[in-house]
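Listed below are the residues making up each chain.
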Amino acid sequence: DTTTSSLTSMTYELARHPEWQERVREEAFALGKPWLDFEDVERQKTLTLVMKETLRRYPPLPVIPRIAERDFEFEGRRVPAGAMVIVAPIHTHHMPEWFPAPDVFDPERFAPERAEHERHTHAWIPFGGGPHHCLGLRFAETQIKSVMHQLVRRYRFRVEPGYRMPVQQAPISKPRDGLPVTFERL
């Protein structure tokens, strides 16, 4: 479900931003083969920027529940062992102190020159953070990039001008309207 959520949101963002869709497509064709081998996954720099920005804007799990293993204090408040603690990527990813203009689709914020996601160890946490980040991170990244590589090589896709995807945040991020996208074969 999280991979489907991520791919749906990426399709939406690339449909809304044809200049980025074209950049991803050019990178895909420059690879010179119709599929990604494992070693190709990291080489897709533009696709990586788009994927990270999409996951920032639409984390598949907008909240991640955790249970406190021991008593601790946070900002002057005592949290007892056994208490549920919520990590909220949807909130953190839209904090302007970490991501300026958080409502703008800007994949370049993840480029090495800007690296906004590195301002804090837990600024970008679509897969959780620290020792408890999702073990499936690399598998999900490989799946997402492999599928999107196939899509941009075969189709040009768009949404109607002015369309904005209404998002249902729980239990997993997804469009409430089925995401009306038009696919045109290349």
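Predicted model, so just to flag it, every value in this text is computed and none were measured.

Let us now look at the nonpolar core. Formed by 34 residues in total, the largest nonpolar core has its most connected members in Met10, Leu14, Val50, Met148, Phe157 and Met165. Looking at which element gives the most residues to this core, the answer is helix α5 (residues 137-154), with six residues. The residues contacting Met10, other than those within four sequence positions of it, are Leu47, Val50, Met51, Thr54, Ile144 and Met148.

Next up on the list: a nonpolar patch on the surface. On the surface, a nonpolar cluster with roughly 400 Å² of combined accessible area is contributed by Val63, Ile67, Met84 and Ile86. Relative to the assigned elements, Val63 resides in the loop between α3 (45-57) and β1 (64-67).

In helix packing, the relevant descriptors are the interaxial angle and the interaxial distance, both defined with respect to the helix axes. Relative orientation of the contacting elements helix α1 (residues 2-16) and α5 amounts to 40 degrees, with a least axis distance of 10 Å. Considering the angle they form, α1 stands oblique to α5. α1 and α5 meet at a crossing whose hand is right-handed. The segment α1 lies against α5, with Thr3, Ser6, Leu7, Met10, Thr11 and Leu14 engaging Ala140, Gln143, Ile144, Val147, Met148 and Leu151. Residues that form the contact of α1 with α5 fall into these classes: eight nonpolar, four polar and no charged.

This part is about the environment of Trp20. Residue placement: Trp20 occurs in helix α2 (residues 18-30). For the pair Trp20 and Pro161, spaced 141 residues apart in sequence, the C-alpha to C-alpha distance is 16 Å. When near neighbours in sequence (up to four residues on either side) are disregarded, Trp20 contacts Leu14, Thr46, Leu49, Val50, Phe105, Pro107 and Glu108.

Over its 13 residues, α2 extends 18 Å from the first C-alpha to the last, a length consistent with the 18 Å expected when each residue adds 1.5 Å. For α2, every residue scored as buried is listed here: Trp20, Gln21, Val24, Arg25, Glu27 and Ala28. Looking straight down α2, one finds that the buried residues subtend no more than 160 degrees of arc, so they occupy a single side. The secondary structure elements touched by the buried residues of α2 are α1, α3, α5 and β5 (155-158). Following α2 by one or two positions, Gly32 has its phi on the positive side, about 80 degrees.

Position of Glu53 relative to the elements: it lies in helix α3. The exposure class assigned to Glu53 is buried, which follows from its relative accessible area of 0%. Of note is the side chain of Glu53, whose polar atom sits 3.1 Å from the side chain of Arg109. Discounting residues that sit within four places of it in the chain, Glu53 has contacts with Val104, Phe105, Asp106, Pro107, Arg109 and Phe110.

How each quantity is defined
- Residues numbered from 1 in each chain as written.
- Predicted model: local features only at pLDDT ≥ 70, side-chain atom pairs only at ≥ 80, totals over all residues.
- Heavy atoms only, no water.
- Core = buried A, V, L, I, M, F, W, Y, C linked by side-chain atoms within 4.5 Å.
- Buried < 20%, exposed > 50% of the residue type's maximum accessible area, 1.4 Å probe, protein only.
- Helix = DSSP H or I, 4+ residues; strand = E, 2+ residues; numbered from the N terminus.
- Contact = heavy atoms within 4.5 Å.
- Patch = residues over 30% accessible without salt bridge, like charges linked within 9 Å, V, L, I, M, F, W, Y side chains within 5 Å.
- Areas by Shrake-Rupley, 256 points an atom, 1.4 Å probe, with all protein chains shown as cover.
- Salt bridge = Lys/Arg side-chain N within 4 Å of Asp/Glu carboxyl O.
- Axes fitted to C-alpha atoms, helices over the stretch in contact; angles between N-to-C directions.
- Parallel < 35°, antiparallel > 145°, perpendicular 65-115°, else oblique.
- Left-handed = near helix turned anticlockwise from the far one by under 90°.
- Nonpolar A, V, L, I, M, F, W, Y, C, P; charged D, E, K, R; others polar.
- Expected span 1.5 Å × (residues − 1).
- Arc of directions from axis to C-beta.
- Polar contact = N/O pair within 3.5 Å; in protein donor to acceptor, adjacent residues only side chain to side chain.

By themselves, these observations are geometric and do not establish any function.
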